[in-house]
Amino acid sequence: MRASLLQIAVDDDESVISRRARVSSLVREVAEREGSGLVVLPELWTTGAFGYEAFAAEAEPLEGPTYEVMAETARAAGVWLHAGSIPEAGDGTLYNTSLVFSPSGELAAAYRKIHRFGFDKGEAVLMGAGHELATVRTPETVLGLATCYDLRFPELFRGLVDAGAEVFVVPAGWPARRRAHWSLLARARAVEDQVYVLACGTAGTHAGVEQAGASVVVDPWGGVLAEASPTREAVLTVDLDLAKVAGTREQFPALKDRRLGVAAPGL
Ligand SMILES: NC(=O)CC(=O)C(=O)O
């Protein structure tokens, strides 16, 4: 399976409408030029992840303008499109919701970010938490969905592995000051779960926060297959040999040694 990650620049000087149109063209251009079967966009790329006060004004219903444009983009390009996430206005609460479309433009999954970032401010207070894991079965594999801060919570990814995921897709708007954590966590999730990790971040500066860039593709042995510029918009295209997931698990069957029933004394 050939996958392309589009590391989008989210600088403040571009409007949501213009960025949406630009990214739609870019997805189609990349899919055609690279022959990708899966294209991945980052977290909150229409608005930028750090302009928290703008989220309420820029939130859309699930089937709002970004949904419509991205569904049509997936259909026109004939690709599986992980369209990153949008600020979703749903049932009186905002959610950070990722959308995945099939090559016919059907919604394959909507995943509401489970772990909200910011401790007692920002996303953590402005947005609601998702409660359900999400996977997408394609003809080649099973994708497991997570978003940005979720990357710090290994139990979420174990849940995805138990649900059959072989490729974790993690859109993010990660800040540059914690870039070292980003790459390390992406590799850690790949090694411990013996999967591919496609971690697609943003570039540029949004709401005063310099973005980490450095989108990365990691193989099931923890090897970095490709890594993007830390500062610029970029396209990363990789061929995933999906047999390597089962191969790695057979060669080094650590997942079989899990001890799920073990508790601390007194519990
Ligand atoms: N922005 C996020 O969701 C996560 C983040 O910044 C982190 O360091 O974790």
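Preceding this section is the structure that the text describes.
Now for a description of the structure that goes with this document.

Analysis parameters
- Residues numbered from 1 in each chain as written.
- Predicted model: local features only at pLDDT ≥ 70, side-chain atom pairs only at ≥ 80, totals over all residues.
- Heavy atoms only, no water.
- Phe/Tyr/Trp six-rings, centres within 6.5 Å; stacked < 30°, edge-to-face > 60°.
- Buried < 20%, exposed > 50% of the residue type's maximum accessible area, 1.4 Å probe, protein only.
- Lys NZ or Arg CZ within 6 Å of the ring centre and 35° of its normal.
- Helix = DSSP H or I, 4+ residues; strand = E, 2+ residues; numbered from the N terminus.
- Contact = heavy atoms within 4.5 Å.
- Expected span 1.5 Å × (residues − 1).
- Arc of directions from axis to C-beta.
- Pairing = 2+ DSSP bridges.
- Axes fitted to C-alpha atoms, helices over the stretch in contact; angles between N-to-C directions.
- Parallel < 35°, antiparallel > 145°, perpendicular 65-115°, else oblique.
- Left-handed = near helix turned anticlockwise from the far one by under 90°.
- Nonpolar A, V, L, I, M, F, W, Y, C, P; charged D, E, K, R; others polar.
- 1 Å grid on protein atoms, 1.4 Å probe; cavity = no way out; pocket = protein on both sides within 12 Å on 5 of 7 lines; lining within 4 Å.
- Points joined across faces, edges and corners; volume = space filled by probe spheres on them.
- Core = buried A, V, L, I, M, F, W, Y, C linked by side-chain atoms within 4.5 Å.

This next bit is on the packing of aromatic side chains. A complete count under the given rule lists ten aromatic pairs for this structure. Summarising the aromatic geometry, the rings of Tyr-149 and Phe-153 are spaced 5.1 Å apart at their centres and angled 85° between planes, so their arrangement reads as edge-to-face. For Tyr-149, a relative accessible area of 13% puts it in the buried group. Connected via pairs of aromatic rings, a cluster forms that spans Phe-117, Phe-119, Tyr-149 and Phe-153. In this arrangement the basic side chain of Arg-112 is found over the ring face of Tyr-95, its NZ or CZ atom lying 3.7 Å from the centre.

Moving on: the side chain of Gln-211. Secondary-structure assignment places Gln-211 in the loop between β11 (209–210) and β12 (216–218). With relative accessibility at 1%, the residue Gln-211 sits in the buried group. Discounting residues that sit within four places of it in the chain, Gln-211 has contacts with Val-10, Phe-50, Gly-173, Trp-174, Pro-175, Ala-176, Arg-179, Thr-202, Ala-203, Gly-204, His-206 and Pro-230.

To continue, consider helix α6 (residues 179–193). Spanning 15 residues, α6 covers 22 Å between terminal C-alpha atoms, matching the ideal 21 Å at 1.5 Å per step. Every buried residue of α6 is accounted for by Trp-182, Ser-183, Leu-185, Ala-186, Arg-189, Ala-190 and Asp-193. The buried side chains of α6 occupy one side of the element, clustering within an arc of 165° when seen end-on. Turned more than 90 degrees off the buried face of α6, the exposed positions are Ala-180 and Leu-184. Each element contacted by the buried residues of α6 is listed here: α5 (154–162), β8 (167–171), β9 (196–200), β12, β13 (224–227) and α7 (243–251). Gln-194 lies just past α6 and shows a positive phi near 55°.

All right, on to the sheet that holds β8 then. In sheet architecture, strand pairing relies on hydrogen bonds along the backbone and comes in two forms, parallel and antiparallel. Ordered by their spatial adjacency, six strands build an open sheet running β6-β7-β8-β9-β12-β13, and the pairing between neighbours is mixed. Here the strands that pair on one side only, and so sit at the sheet edges, are β6 (135–137) and β13. Each adjacent strand pair in this sheet contributes to an overall mean axis angle of 15°, direction not counted. Two elements, β9 and β12, share three bridges in a ladder whose sense is antiparallel. Bridge pairing in β12 places Val-197 opposite Val-218. This element, α5, spans β6, β7 (142–145) and β8 of the sheet and lies at about 140° to β8. In the packing of α6 onto the sheet, contacts are made with β8, β9, β12 and β13, and the angle to β9 comes to roughly 160°.

Moving on to the packing of helix α1 (residues 16–34) against helix α3 (residues 65–77). In the contact formed by α1 and α3, the axes pass within 9 Å of each other and the chain directions differ by 15°. When the axis of α1 is compared with that of α3, the two are roughly parallel. Read as a crossing pair, α1 and α3 show a hand that is right-handed. For the pair α1 and α3, the contacting residues are Arg-20, Ser-24, Val-27, Arg-28 and Ala-31 in the first and Pro-65, Thr-66, Val-69, Met-70, Thr-73, Ala-76 and Ala-77 in the second. Taken together, the residues of the contact of α1 with α3 sort by class into seven nonpolar, three polar and two charged.

The subject of this paragraph is empty space enclosed by the protein. Over the atoms, a rolling probe the size of a water molecule traces out where space has been left empty. Taken as a whole and judged by the stated rule, the model has one cavity of 30 Å³ or more. Here the residues of the lining of the largest cavity sort into nine nonpolar, one polar and five charged.

To continue, consider the sheet that holds strand β5 (residues 107–112). The sheet built from six strands is open, its strands ordered β5-β4-β3-β2-β1-β14 with mixed pairing. Among the strands making up the open sheet, the edge pair consists of β5 and β14 (234–239). Between one strand and the next, the sheet's axes are offset by a mean angle of 25°, whatever the strand orientation. Across three bridges, strand β2 (residues 38–40) lies against strand β3 (residues 80–90) in parallel orientation.

So, on to the nonpolar core. Counting 51 residues, the largest nonpolar core has Leu-145, Phe-157, Val-167, Phe-168, Val-197, Leu-198 and Leu-240 as the members making the most contacts within it. Counting residues per element, this core draws most heavily on β9, at five residues. Discounting chain neighbours no more than four positions away, the residues touching Leu-198 are Ala-3, Leu-5, Leu-38, Val-40, Val-167, Phe-168, Val-169, Val-170, Val-216, Val-217 and Leu-240. Within the second largest apolar cluster, 21 residues are counted, among which are Val-27, Leu-41, Val-79 and Leu-81.

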